[in-house]
Every structure is written in C-alpha cells, then in structure tokens.
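Chain by chain, the residues run as shown.
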Amino acid sequence: MRPGLTVKLSILLACIGILASGVTGYYAYSTNQSLLVNEAERNLLTSTELLSQRLSTVLNDIAADALTLADMPSSAKVASLDDPASDEARDHLAQVFGTVMRLHPQYAQVRLISRQQFGLEQIRFDRDGDRLVRVTGSLLQEKGHFPYVFETLALAPGRVYVSPITVNHEQGAHSAEGAPTLRLATPVVTPAGAVVGVVVINVRLKSLLDSVQSALPAGHQLYLTNEWGDFLAHPNPAMTFGFDKGRRLLVQDSYEQTRPLFDKAQSSVLVNGLDDPQRAKGQILAFVRKPFGLPENHQFVVLGLARPLEDVLRGGKSLGESTIQMVLAFSVLSIVLAVVFSRALTRPLQMLTHAATSFQTRHALEALPVARTDEIGVLARCFDQMRKELKSHMEKMSQNQQELRHLAHHDSLTGLPNRMQFFHQIERAIDAVAESGQQLAVLFIDLDHFKQINDQMGHAVGDQVLIVVAQRLRSALRGEDVVARLGGDEFIVLIKGPAIAADVPAIAAKILSTLNEDIMTHGRRLQVCASIGISLFPDDGGTAEELVLRADSAMYKAKVSGRYTFARYQAAE
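The structure displayed is predicted, hence computed values, not measured ones.

Chemist: Just give me the short version of the pattern of salt bridges, but keep the residues and values in it.
Modeler: Taken as a whole and assessed by the stated rule, the structure comprises 23 salt bridges. Salt-bridge contacts for arginine 485 lead to aspartate 411; the nearest nitrogen and oxygen are separated by 3.0 Å. Separated by 74 residues along the polypeptide, arginine 485 in strand S14 (residues 482–487) and aspartate 411 in the loop between helix H13 (375–409) and helix H14 (419–433) bring together distant segments of the chain. The two residues arginine 485 and aspartate 411 agree in class, both being buried.

The structure is reproduced here in structure tokens:
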C-alpha cells in the first residue's frame, strides 16, 4: 500500500532544517529579483526620456523643412496669387516640394495652401504607395476650414503649428487617407510681413515612430497616448485610435498608475509586474509626459516603453540556481532520506499552489499532478475540474457583460450610439459650453421615402441601407462630432466648436450630398435622400430635450419645403 499524505507529512516535519535553508535561499533570490527589477526600471525610464528627446529632434527636423519651404521667395508669390508668379515659377517651386517628398519617405503630403479662395491648395504632392503624385487643377481642394490652416494663419512668422495626432479623413489624400497622421504647418509671409498662406507637411505616424524607435533594443514595446490618454500607439493595433471608432481606450484604464501624468502631478511613472502583477502582467513599463505642439496650448503626449519581466529576471536565474544548489547540498548532507521524501511531497504541493495563484491572478490553467494516485492526485483532479468550470463561467459572464454594456449605449444594427447615449453626450456638451458662450448644433436627420424601400424591397435591404447611411454620416463628420440613431430611419448629429452657427449650413449640405450618392445593395442601385432640421444652443433651447424637439420641428419644415433640404428652427416657425 502506498504511503498516504499523513505519512509523508510526518517525514516532512523531520526536515525543519531543510525548510529553514530554503527560506533563506528564497529570501536571497527574491531580493536579487527586486534589485534587478529596480535597475531595469531606471534604465527603462532613461530610455523613455531619450526616446522623448528623439521625438523632439525628429519634429524639429520636420519643422525646419516646413520653415525652409515657407521662406522661399516663390512660396509667398504663389500663395498670394500674384501675377508675376508664372506657371514656370510655380513648376519650379513644385519641383522643390517634390524633392522634399523624395528625401523624406515618412512624409505623406506636402502642400502650399493660399489664404485666399477659402484656403485653396496651390501646390500639393501626395504619396501613393512608392510613387509621388502631384495634384493639380480642379483636384486641388479648399482647406481653409481645417484647424491646421486657420490656426496656422494666426501664428507669427517663423512659428510652427503641430496638430493633434488623428486619423486622416480628408478625401482624395491617396496613401494618407485613413492613416494616423501628424501635421506640421507654418505661415508663408511676404517681404512686407503679410501672411498669405501656409506650408503643411503631413507625416505618417507609423513612419515617424519607426524612425524614433529605430535605436531601441529588441523586445521593447512602444506606447503613445494623447493628452486625454487615448492610445495612439500600442503593441496591439486594435487598441489604438478608439475615439475614431466610437469608443475610448485609455491608458489610465489599462494602467491605473498613469493617472498622475494626466493630472500633471508627476512627469514620469514606473510600473512593474513583480510588485503589481495584476496591472503590469509580466512587464516593466515606464511612462513620460512630454509637451507637444504650441506652448500656449499646454498640450502634451505620453510616451511609454515596456520590457518583458522575463528578460529582466533572466540574469538572476544563475544566482537563483546557485542558491538552490547550496540549499540542496546542505540538506543532503544533513539527512538524505528526508530530502527524498520532502521533495516527493513539496513538488506536487508547489504545483498546486502555483496553479491556484496563477488561476487567481491571470486565470491561467497551469499543469497539475493529475496522474498521481494518492490524495494529492485526487485533490489535483478535483481542483483541475473546478478551475476549468470556473474559467468557463467567468469567460461567459465577461462576454455577456461586455455585450450588455455595448448594447445599453449603442444601436445593435448600425453600431452608432443610441438615444440614451446621445442625450448623455449632449448634456455633457451643454455643461461644457454653457459658461464659455460657445454654441452647439443639433441636426435631426430623417430619410425620405425610406418606408417605400422597406415595403417594396424588404427589411433586409432596408437594414443594409441604414448601415450604409450610418457609415456615410461618420465619414461626412469630424472625429469629435457625435452621430447617433434614434430609431427607424431617424438619425441625429451633435456638432461642437467655435462659431458653429456659420458652419452648420455647409455641414448639412455636405451630409445631404454624401447621403445622396447611390447605394448598391442586393444587386440593386438605390438613391437615398434626407431632410435635416437644425437647432442651436443656446439660441433655440437650453436643454437636450428642447434642442432635439426643435430640430425635429425644423426637420418637418424641411420635408414640407420639398424634402432633400435642411431648415433652421426659426425658419420652421
């Protein structure tokens, strides 16, 4: 009969000396691990600060290119639309712009934009894969309504505007369209001191970060966030630019210790998986806050580097192994038989303990001694079955909770925010602008003759039309605008910004134009039109309910006026 756990435990009690040696060795090994981690933290923080300086250097180089192009005498002539700026001079200047693009593969666009004609592009080069495209004639676009134009025009000569890092949704931008982009711009000034245009350089974020982190050792991972904590760069690309996809993925949620960076209570933060395994999960991380853009805007980004904890502790494994060998050697000399029985007992117990800890902290299913035939084997098999069932239930609960949280605030068909989420957003926006004197605009959008599509072609076609409409509304609006589905064929848009009343007609016209494009679905070509009602805060109401009701009223006025148009609330009365 095999000895049971009681017999093995009695033998273990005779090995108190072995246990004392083991505790001493473990303490030495743990102390060594802490020292290695602390040293790695200091080195990683230094690397992160050097990376921050490297980013500043790269941005300064790009700014220098922009200033060089803006200071060329022909730039001012072309931007001011002077008659002496002949086609030959314009072509010569375009050659210079093209040369800059060829010398800097990370540049996605280089443009000269005039202050006149609503910010019309005068010279523009796009990168389309491996080739350069010079855009001319009617393909040149008006850009005066973009911040990188009108904010740069307000700068003093010699200063450089640095835009927030966003996904480029400008149409017709070749490779730059839909790509994370950073824009640097500087005013173009005549000899008399008049600002007549801007030079804009679009930089692909991926190329910029590749050049910045080219000198990093292998195994390091880069994090980059904006001043609100949204991930702009992350080892998992699905975590980046969540705000552009209708969700917020913040570094503060992943790493709670980074909150002081955004409160400006600290300039750097260190996190390691040895002291805080639940937060770091096998990593050492260093985060640094870095000023970004114009000083008066007080903007910043947060740079972070991560290194696997396993790589850091690899150097201490030899010491740990030596410590264990010494402990075992003294133990063998004291009582060989006790060591044999103690190892036979402690090894499976350690496996159970490690498995329980791993399941508690990481929900990982570690190997267990399920093949044993004694009491430990029975316990291991019971525990293994229990943790598998618990893990399965926890995964199902987590999945259900995520789905419920999403469905509570989003429309299940289009993925847009629903009525409750929209009213929450508009109430927050009203609170934010109530004291500043700024305006908000609410656009109530109702599709014309949508019921005929449902009745004649079926709900499947109607659902597909609503999905396409939702996608087009997103593409027609800016990243910070909010679009939601109220139900049926009714959509609603919240637009924020200074002097928004003057911009709303153009935005509404753009939405109508975008929605009016043909839709191909189920082998049929459909044309969808819409009527739009507009209300403004605070002119047309001081609460979310008032603004929505009055925008709805204005929408009905637009329908009465002949559909496929828009109307302000005052006009509706």
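Here the narrative resumes.
Chemist: I'd like a rundown of a negative patch on the surface, residues and numbers included.
Modeler: Together, Glu427, Asp431, Glu545 and Glu546 line one region of the surface with negative charge. Of all the elements in the fold, those that place two or more residues in the negative patch are H14 and helix H18 (544–560). Overall, the relative accessible area of 61% leaves aspartate 431 in the exposed class.

Chemist: Quick one: what's the story with the sheet that holds strand S9 (residues 231–233), residue by residue and with numbers?
Modeler: Strands sit in the order S9-S8-S12-S11-S10 across an open sheet of five strands; the sheet is antiparallel. Here the strands that pair on one side only, and so sit at the sheet edges, are S9 and strand S10 (268–272). Each neighbouring strand pair of the sheet contributes to a mean axis angle of 25°, computed without reference to strand direction. Pairing of S10 with strand S11 (residues 283–291) involves five bridges; the strand directions are antiparallel.

Chemist: Quick rundown of H14? Include the residues and the values.
Modeler: Here H14 is 15 residues long and its end C-alpha atoms lie 21 Å apart, about the 21 Å a rise of 1.5 Å per residue gives. Listing the buried residues of H14 in full gives Gln421, Phe422, Phe423, Ile426, Ala429, Ile430 and Val433.

Chemist: Please provide a residue-by-residue account of the packing of H14 against H18, values included.
Modeler: Contact geometry for H14 and H18: axes closest at 9 Å, N-to-C directions at 115°. Relative to H18, H14 is oriented roughly perpendicular. Residue-level contacts link Phe422, Phe423, Ile426, Glu427 and Ile430 of H14 to Ala544, Glu545, Leu547 and Val548 of H18. Looking at side-chain class alone, the contact of H14 with H18 contains seven nonpolar, no polar and two charged residues.

Chemist: Tell me what's going on with helix H16 (residues 459–476), and back it up with residues and numbers.
Modeler: Between its first and last C-alpha, H16 extends 25 Å over 18 residues, near the 26 Å set by a 1.5 Å rise per residue. Every buried residue of H16 is accounted for by Val461, Gly462, Val465, Leu466, Val468, Val469, Ala470, Arg472, Leu473 and Ala476.

Chemist: Could you give an account of the nonpolar core, with specific residues and numbers?
Modeler: One finds Phe97, Leu112 and Leu224 to be the most contacted residues of the largest nonpolar core, which totals 57 residues. The element contributing the most residues to this core is helix H2 (residues 16–71), with 13 residues. In this view, leucine 224 contacts Ile165, Leu205, Leu209, Asp230, Phe231, Leu232, Ala233, Val301, Val302 and Leu303; residues no more than four positions away in its chain are not counted. Leu473, Ile495, Ile511 and Leu536 belong to the second largest nonpolar core, which has 34 residues in total.

Chemist: Just give me the short version of the pairing of S14, but keep the residues and values in it.
Modeler: With five of six residues buried, S14 lies mostly within the body of the structure. Inspection of the sheet shows S14 paired to strand S15 (residues 490–497) by five bridges, in the antiparallel sense. Its bridge partner being in S15, valine 483 is matched across the sheet by valine 493. In sequence, S14 turns back onto S15 through a hairpin of two residues, with glycine 488 there showing a positive phi of about 60°.

Chemist: Any details on empty space enclosed by the protein? Residues and values, ideally.
Modeler: Considering all chains together, one arrives at one cavity of 30 Å³ or more under this definition. The calculated volume of the largest cavity comes to roughly 50 Å³. Together, Leu55, Leu59, Ile165, Leu182, Leu205, Leu208, Leu209, Leu224, Phe292 and Val301 line the largest cavity. Secondary structure elements with two or more residues in the lining of the largest cavity: H2 and helix H6 (205–212).

Chemist: So, the sheet that holds S14: which residues are in play, and what are the values?
Modeler: Hydrogen bonds along the backbone pair up the strands of a sheet, which may run parallel or antiparallel. If you walk across this open sheet you meet the five strands as S14-S15-S13-S18-S19, and the pairing is mixed. The open sheet has two edge strands, S14 and strand S19 (566–568), and neither has a second partner. On average, each strand axis in the sheet is tilted by 20° relative to the strand beside it, whichever way the strands run. Here H14 sits on the sheet and contacts strand S13 (439–448), S14, S15 and strand S18 (529–537); the angle it forms with S15, its principal contact strand, is near 20°. Across the sheet, H16 touches S13, S14 and S15, and the angle it forms with S15 is around 10°.

Chemist: Go over the pairing of strand S12 (residues 300–308), please, and point to the residues and values.
Modeler: The element S12 is extensively covered by neighbouring structure, given that seven of its nine residues are classed as buried. As paired strands, strand S8 (residues 221–225) and S12 are joined by five bridges and run antiparallel to one another. Directly across from threonine 225, in S12, lies its bridge partner valine 302. With nine bridges joining them, S11 and S12 adopt antiparallel strand pairing. Opposite leucine 285, over in S12, you have alanine 306 as the bridge partner.

Chemist: Please set out the packing of aromatic side chains residue by residue, giving values where relevant.
Modeler: Summed over the entire model, instances satisfying the criterion amount to eight aromatic pairs. Measuring from centroid to centroid gives 5.7 Å for tyrosine 255 and phenylalanine 287, while their planes differ by 45°, and the two rings are tilted. Pair noted here: tyrosine 255 is in the loop between helix H7 (251–254) and helix H8 (259–262) and phenylalanine 287 is in strand S11, with a separation of 32 residues, a long-range link. Given the relative accessible area of 0%, phenylalanine 287 is considered buried.

About the cut-offs
Residues numbered from 1 in each chain as written. Predicted model: local features only at pLDDT ≥ 70, side-chain atom pairs only at ≥ 80, totals over all residues. Heavy atoms only, no water. Salt bridge = Lys/Arg side-chain N within 4 Å of Asp/Glu carboxyl O. Helix = DSSP H or I, 4+ residues; strand = E, 2+ residues; numbered from the N terminus. Buried < 20%, exposed > 50% of the residue type's maximum accessible area, 1.4 Å probe, protein only. Patch = residues over 30% accessible without salt bridge, like charges linked within 9 Å, V, L, I, M, F, W, Y side chains within 5 Å. Areas by Shrake-Rupley, 256 points an atom, 1.4 Å probe, with all protein chains shown as cover. Lys, Arg positive; Asp, Glu negative; His and termini not counted. Charge placed at Lys NZ, Arg CZ, Asp CG, Glu CD. Pairing = 2+ DSSP bridges. Axes fitted to C-alpha atoms, helices over the stretch in contact; angles between N-to-C directions. Expected span 1.5 Å × (residues − 1). Parallel < 35°, antiparallel > 145°, perpendicular 65-115°, else oblique. Contact = heavy atoms within 4.5 Å. Nonpolar A, V, L, I, M, F, W, Y, C, P; charged D, E, K, R; others polar. Core = buried A, V, L, I, M, F, W, Y, C linked by side-chain atoms within 4.5 Å. 1 Å grid on protein atoms, 1.4 Å probe; cavity = no way out; pocket = protein on both sides within 12 Å on 5 of 7 lines; lining within 4 Å. Points joined across faces, edges and corners; volume = space filled by probe spheres on them. Phe/Tyr/Trp six-rings, centres within 6.5 Å; stacked < 30°, edge-to-face > 60°.

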